[in-house]
Amino acid sequence: MGILDNAVYKKDAAPLIQSLIEGKELLKWQQHFCDTANVFACCVDGQGTPLTEFGGNQNEVERIKRYIDNEQFLNMLHRVAESTLEDQAIEETAYPNFRLAVISSKIDGKPVINWLVCGVLSDAEDVENYENPPIDEITSVVTEGQFAKAVDTLRDITDVLLGYKLTTIQAQAESSRSRYSEREMEENLRQAEALTAVVQFLESEEAIEGVMQKLLGTVGEFLKLSIAVVYREAKDRNHLDVIAEWYEKNIERAPLDVIDVQCSSLFRVDKTLVLSQNSMMNDEEKEQIKALKLKALIVMPIIINGAVTMYALFGEKVRDRAWRLEEIKFLNDSVKILQSILTRRIQKNSLAGSYASLETILDNVGSAVYVRDIETGRVLFSNQSLRHIFECELTDGTLNALLDEAIQRESGISEIYLPKREQWYDLYYTQIKWVNGRQVLLCALYDVTEKKIYQRKIEQQANTDFLTGLYNRMSCERDLARYVDEANVSMGNGVLLYLDLDDFKHINDGLGHQYGDVLLKAISHSLQRIEGIENTCYRMGGDEFVIIIPPDKYDQTEQIISSIREIFMKPWFLKDADYYCTMSMGIVEFPSAGSAIHDLIKKADIAMYEAKKAGKNRIARYADSFGIKSGKRLDMEKNMRDASAKGYHEFEVYYQPIIDIQKKGLPCTGAEALVRWNSAELGFIPPSEFIPLAEYLGLINPIGNHVLREACKTCKNWNDNGYPNYKVNVNLSVVQLLQADIVETIEKTVKETGIAPCNLTLEVTESLAINDMERMKEILASIKKLGVRIALDDFGTGYSSLNHIREIPFDVIKVDQSFIKDLERDAYAKSFIKMVGELATAIGVNLCVEGVETKKQYQILAEICTCMVQGYYFDRPMPQDAFEKKYTPDISAL
């Protein structure tokens, strides 16, 4: 074996092992184990290089090493060392009675000690199946079971030994850290004591020169400095004047006062200068430090009233010194305290010398200042600002009471509000010694009214909707939580109303967003004027609103709901015309429907959707069954989005024949194209369920365009194969018609499918005529220019008038099926249809009656009018292939 035969046993091959176990100890322990277990072993590193000599019967070791397959051994070592699942492996070798084992003991997943273990078996079997004969004449033999146990034992003992050694090292390290932490704590304590001593000089009444010298001594002794000096530039600006100095015992004085300032900027700095022996210095700095016989120094400016007036120098003459960050920070803090002492002394001398100067200062501080003798209560001073702002309170003697109400302790900050003036003030107060030595209360009042108004504005913006001024969703959730708690405590009930505007998108897109905003604001103001909910109206976003009826207004619920409905019964005046906008409302009561805020809002939203699905302009109260429907709705929504993403192929086009009842044989003249959803996951979904959802999700446009395209392709096929006069009717939704590119979409579809424009009839509901007649006329006229026919659908159910029929050039009038239901016994229905038929004849348009379900209905219609009909009596809507098989047999036979 190459690696083991030529190995150099390196003591430094595994530093981590040596840090845990001493080499001789490991070798001794290894030999003892081999003798006991009758195996051969050595400790190796990650490359297979031995870290110990081979252990075992030394008379047989060299022979055993020759039987080891180097490649097999290295493969086993790398596999086990890198594995996170195994830490040992035993494998057979080319010799039937020779086994090889590798052990890798790890710490935190990293190999620390690797073992190579060899064993000669005394109970080997199937020896004839090996390429080499068994190894003989070896006295150190074991059974296969004993060898496996020996490997397990070696692994367990190694893990225990490593754990013990690692614990010992960690304990030693922790002990070392503890000693370091103790020293650091002692150092911090010494520094705190020194800084406390420096701070105490702030209250000293001693002459300033003496205070400065003592302060320098405290600093110098703590840091073990050689010198500490405070100096300033002399009047001649050529030399330095020493103001205070301190020297360590037996240290020679530094001749700062003989330095030529003009020749050196070293001692006139505007920021801290730090120099040590190992610092990078220019020749001038080296020369100046040499002149002072310093090895290290720090120079700091002393700033009074914004100007550098003096300097502090701290130096080392004897010891080599590299300044530590903590030392620089301590010196900086000490200099700041010195600055404060000097500033106080200057102010004290000035105020004591001139009370007039004090008045001038306090009259220009930008706040109202008030000074009162604590013992006598007499007012000692009030500046001009206070006399102007609180003139009335000073005159009637109420100022002390006003301030005392806000003052809680010796010093602090309070807020004062004057409701009559709607003014806010921050009051800063403290007890100080006045210029005459008396203990006084000093009050400073700052006008913070603008700040308060701004804060209120920010709070309002955070809690209200910017457009409408209503509270927003965050406020809704906060207030609803409060009202739910109130209802639980009082054992009462409250109501949550969730409103969504019907077809608001039509107005928003048709008139422009600015008019949509006007409508939203008008609706919001109308809601706020309803008694009982003036402060509980919220805009949740878009065209959705929430109204909370609090528990104390619960008995007004029906009246409030009625008032809301009345708002939407009237038109809104927008862009010089009246426009109708209805709403769908979901209602949920609390706490009977729950107390969780988000669940209540969700339930109200679900109820609102049920109202919208039922035909819009409706109200729905939440029921538990809605929850099941909501889950189905979510499934439908997901599958509808998936179907749309895959090309709308699940949306199939069905065709219901249109019959001319005035002609012999009742011929089919074409069909109305109707969309059906055959979901791959949910099966067949009725239009009454998926069309409202498509509108809600904004998918009605692409689905409608898909139906238009497929219907045109189908009709083109009919026309080209023997049925040239067949026409196809396609419904246009309100949303589609109000798209800015609707005319271009229709024109493109006609051109791409090749259908004759006169064979395409687009059906629009008469409710379109209610809003923006001018826009409707313009759009429909543009469609007519393409040669496409227009049909007025659902005539007689909405708001249309004869004037609308005259203004818009319809080609077909379709009477709604509601007039057909009672045709056999309803004289009004017969008269209405007869009148519409005569009107159609008079203005030259075709008439089509929908919903014919019985033979009697058909016979009556044949007698009273000339028209086309469609309905279940003739055929239900059917798939394309079924329609063509019955009504275009020539095509289906192809």
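Above this text sits the structure in question.
Residue numbers run consecutively from 1 along every chain, following the written order of its sequence. Totals for whole chains, interfaces and linings use all residues, but because this is a predicted model, local features are given only for residues with pLDDT of at least 70 and pairs of side-chain atoms are given and counted only at 80 or more. Side-chain calculation: all heavy atoms of the structure are included, whereas hydrogens and water are not.

**Student:** Run through the overall build of the protein, naming residues and quoting values.
**Tutor:** Strands are runs of DSSP state E lasting at least 2 residues, helices are runs of H or I lasting at least 4, and numbering of each runs from the N terminus. Within the protein, the regular secondary structure consists of 30 helices and 32 strands. At 49 Å, the protein has a C-alpha radius of gyration far larger than the 29 Å of a compact globule built from 894 residues. Here the C-alpha coordinates of the protein stretch approximately 135 × 125 × 65 Å along the principal axes. Out of the 894 residues in the protein, the part that is buried amounts to 47%. Computed by Shrake-Rupley with a 1.4 Å probe, the accessible areas treat only the displayed protein chains as cover when residues are assessed. Carbon and sulfur atoms form 49% of the exposed surface of the protein, whose accessible area is close to 46,100 Å². With C-alpha atoms as the basis for the radius of gyration, the globule rule is written as 2.2 Å multiplied by the number of residues raised to the power 0.38. Only protein chains enter the accessibility calculation, which uses a 1.4 Å probe; a residue is then buried when its area is under 20% of its type maximum, exposed when over 50%, and partly exposed in between.

**Student:** If you had to explain a nonpolar patch on the surface to someone new, which residues and values would you point to?
**Tutor:** Patch membership requires more than 30% relative accessible area and the absence of a salt bridge. Residues of like charge join within 9 Å; the nonpolar side chains Val, Leu, Ile, Met, Phe, Trp and Tyr join within 5 Å. Any Lys or Arg side-chain nitrogen located within 4 Å of an Asp or Glu carboxyl oxygen qualifies as a salt bridge. On the surface, a nonpolar cluster with roughly 290 Å² of combined accessible area is contributed by Ile-413, Tyr-428 and Tyr-446. Here Tyr-428 is to be found in strand 14 (residues 423–433). With relative accessibility at 37%, the residue Tyr-428 sits in the partly exposed group.

**Student:** Which residues make up the sheet that holds strand 22 (residues 619–621), and what are the values?
**Tutor:** Any two strands are treated as partners once DSSP identifies two or more bridges connecting them. The five strands are arranged 17-18-16-21-22 in an open sheet whose pairing can be described as mixed. Both edges of this open sheet fall to strand 17 (537–541) and strand 22, since each of them pairs with a single strand only. Between one strand axis and the next, the sheet turns through 20° on average, direction left out of account. Here strand 17 pairs with strand 18 (residues 544–549) via four bridges, running antiparallel. To get an axis, a line is fitted to the C-alpha atoms, and for a helix only the part in contact is used. The angle between two axes follows their N-to-C directions and goes from 0 to 180 degrees.

**Student:** Can you explain the packing of helix 22 (residues 700–720) against helix 29 (residues 880–887)? Please cite residues and give values.
**Tutor:** For the pair helix 22 and helix 29, the least separation of the axes is 13 Å and the interaxial angle reads 20°. Looking at the two axes, helix 22 sits roughly parallel to helix 29. Between helix 22 and helix 29 lies a crossing of right-handed hand. Counting all contacts with helix 22, which are made through Thr-714, Asn-717 and Trp-718, the residues of helix 29 involved are Gln-880, Phe-883 and Glu-884. For classification purposes, an angle smaller than 35 degrees is called roughly parallel, one larger than 145 roughly antiparallel, one from 65 to 115 roughly perpendicular, and anything else oblique. A crossing counts as left-handed when the near helix is turned anticlockwise from the far one by less than a right angle, and as right-handed when that turn is clockwise. In what follows, residue pairs with any heavy atoms lying within 4.5 Å of each other are defined as contacts.

**Student:** Tell me about the pairing of strand 27 (residues 760–765), and please be specific about residues and values.
**Tutor:** Regular strands have side chains that alternate between both faces of the sheet. Burial runs high along strand 27: five of the six residues are buried. Sheet analysis places strand 26 (residues 727–731) next to strand 27, joined by four bridges and oriented parallel. Opposite Asn-731, over in strand 27, you have Glu-763 as the bridge partner. Bridge count between strand 27 and strand 28 (residues 789–795): five bridges; the pairing is parallel. Bridged to Val-764 within strand 28 is Leu-792.

**Student:** An account of unusual backbone geometry is needed here, citing residue identities and associated values.
**Tutor:** Each neighbour pair has its own omega, and for Phe-590 with Pro-591 the value is 5°, a cis peptide bond. Relative to the helices and strands, Pro-591 is located in the loop between strand 21 (583–590) and helix 19 (597–613). Phi angles above zero are rare outside glycine, and Glu-137 is one such case at about 60°. Take Glu-137: it is sitting in the loop between strand 4 (110–121) and strand 5 (141–142). Take Glu-137: its relative accessible area is 71%, and that puts it in the exposed class.

**Student:** Tell me about the side chain of Thr-749, and name the residues and values.
**Tutor:** Within the secondary structure, Thr-749 is located in helix 24 (residues 742–753). The residues touching Thr-749, leaving out its near neighbours within four places in the chain, are Leu-708, Arg-709 and Cys-712.

**Student:** Account for the environment of Ser-475, naming residues and giving values.
**Tutor:** Locating Ser-475 in the fold gives a position in helix 15 (residues 473–490). Separated by 13 residues in sequence, Ser-475 and Ala-462 have C-alpha atoms that sit 8.7 Å apart. Setting aside anything within four residues of it in sequence, one finds Ser-475 in contact with Asn-463 and Tyr-538.

**Student:** Outline the nonpolar core, listing residues and values.
**Tutor:** We call a set of buried residues a nonpolar core when its members are Ala, Val, Leu, Ile, Met, Phe, Trp, Tyr or Cys and they connect through side-chain atoms within 4.5 Å of each other. In terms of nonpolar packing, the biggest core is built from 81 residues, with Leu-760, Leu-762, Ile-783 and Ile-833 touching the most fellow members. Ranked by the residues each element gives to this core, the list is headed by helix 22, at eight residues. Contacts of Leu-760, omitting those with residues within four sequence positions, involve Leu-708, Cys-712, Val-728, Val-730, Val-750, Ile-755, Val-788 and Arg-789. Core analysis: the second largest hydrophobic core is formed by 32 residues, Val-219, Ile-298, Phe-314 and Trp-323 among them.

**Student:** Tell me about the packing of aromatic side chains, and name the residues and values.
**Tutor:** Centres within 6.5 Å are what make two rings of Phe, Tyr or Trp a pair, Trp counting through its six-membered ring; a difference in plane orientation under 30 degrees is then read as stacked, over 60 as edge-to-face, and the rest as tilted. The final tally for this structure, using the stated rule, is 27 aromatic pairs. Measuring from ring centre to ring centre gives 5.3 Å for Phe-390 and Tyr-425, while their planes differ by 50°; the resulting arrangement is tilted. One end of the pair, Phe-390, is in the loop between helix 11 (384–389) and helix 12 (391–396); the other, Tyr-425, is in strand 14, and 35 residues separate them in sequence. Grouping residues by exposure puts Phe-390 and Tyr-425 together as buried. One aromatic cluster is present, built from ring pairs that chain together Tyr-655, Trp-718, Tyr-723, Tyr-726, Phe-883 and Tyr-887. To sit over a ring, a charge needs its Lys NZ or Arg CZ within 6 Å of the ring centre and within 35 degrees of the ring normal. Positioned over the ring face of Tyr-483 is Arg-482, at 4.8 Å from the centre of the ring.

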